[in-house]
Amino acid sequence: MPNVDLGMYFKALLGSESECGDIAVIKKYEKQCFIALIDVLGHGSEARKVALLAKNYLENNYENELIELMNGLHEHLKGTRGAVAAMCHLDIFTGELTYVGIGNITVRIFGSKPIRFIPKDGVIGYIMTNPKKYTTKLYPEDTVLMYSDGVKEHFNVFECEGLLKKDAEDIAIDILKTFGKENDDESCIVLKYLV
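My aim in this report is to walk through the structure given alongside it, one point at a time. Keep in mind that what you see is a predicted model, and the values were worked out from it rather than measured.

### Here's the deal with the sheet that holds strand β4 (residues 83-91)
Then comes step 1: Across the sheet, which stays open at both edges, the five strands sit in the order β2-β3-β4-β5-β10 with antiparallel pairing between neighbours. Each edge of the open sheet is held by one strand with a lone partner, namely β2 (22-29) and β10 (134-137). Adjacent strand axes in the sheet meet at a mean angle of 15°, parallel and antiparallel pairs treated alike.
Then comes step 2: As paired strands, strand β5 (residues 96-102) and β10 are joined by four bridges and run antiparallel to one another.

Set out below in structure tokens:
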């Protein structure tokens, strides 16, 4: 029976979680899984307020279709400093993964068929191009990494091969330790597809 191992890790530039503008939503329900990472522009307590506003919206609407959800988040964040975000929905039973992203959250799949999703340009809550949905299939032992721009964007599988064998939360911690930039809020969500 297919399943997922989920983990996340954050590191605030200013030290305290209450000062972090990066935030995640992870929901596993029935045979579905939803993950989203939001990076509010800037950092500190004002960024955290917007991050919590975004998280609240997604936690109340995560079962919606992804383009509808991204457009709704855009409306919900109007008048704020804005954010970038990536969202994925996984049908755990079939392995079908859908993705929508606006701005510079990196989403990559390591495994049988390496993929890097290309987000659309924009700032959610300010000015955003029409979101586009991409669909692919996960295979056993594929690992999805979703990380903010506080993490080095480009690294190859050889640089993280050993750590991808760990459980999801340990992978997220090690990604920040190994590739974190130290000059911004840092965050990573990991989804391992298990069969």
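### Some remarks on the pattern of salt bridges
Then comes step 1: Taken as a whole, this structure holds six salt bridges when the rule is applied.
Then comes step 2: Measuring nitrogen to oxygen at the nearest pair gives 3.0 Å for the salt bridge that ties K78 to E75.
Then comes step 3: The exposure class of K78 is partly exposed, given its relative accessible area of 44%.

### A short note on the sheet that holds strand β11 (residues 143-147)
What links the strands of a sheet is backbone hydrogen bonding, and the strands pair in either a parallel or an antiparallel sense.
Then comes step 1: Spatially, five strands are ordered β1-β12-β11-β6-β7 in an open sheet, and the strand pairing comes out antiparallel. Looking at strand neighbours, the two that pair on one side only are β1 (3-11) and β7 (115-116), the edges of this open sheet.

### Overview of the pairing of β4
Then comes step 1: Along β4, seven of the nine residues are buried, which leaves the element largely enclosed by surrounding structure.
Then comes step 2: In this structure, strand β3 (residues 32-40) lies alongside β4, joined through nine bridges in antiparallel fashion. Residue pairing across strands places L37 opposite A86, the latter belonging to β4.
Then comes step 3: Sheet topology note: the β4/β5 ladder contains six bridges and is antiparallel. In the strand pairing of β5, L90 is matched with L97.

Reading the values: rules and limits
Residues numbered from 1 in each chain as written. Predicted model: local features only at pLDDT ≥ 70, side-chain atom pairs only at ≥ 80, totals over all residues. Heavy atoms only, no water. Pairing = 2+ DSSP bridges. Helix = DSSP H or I, 4+ residues; strand = E, 2+ residues; numbered from the N terminus. Axes fitted to C-alpha atoms, helices over the stretch in contact; angles between N-to-C directions. Salt bridge = Lys/Arg side-chain N within 4 Å of Asp/Glu carboxyl O. Buried < 20%, exposed > 50% of the residue type's maximum accessible area, 1.4 Å probe, protein only.

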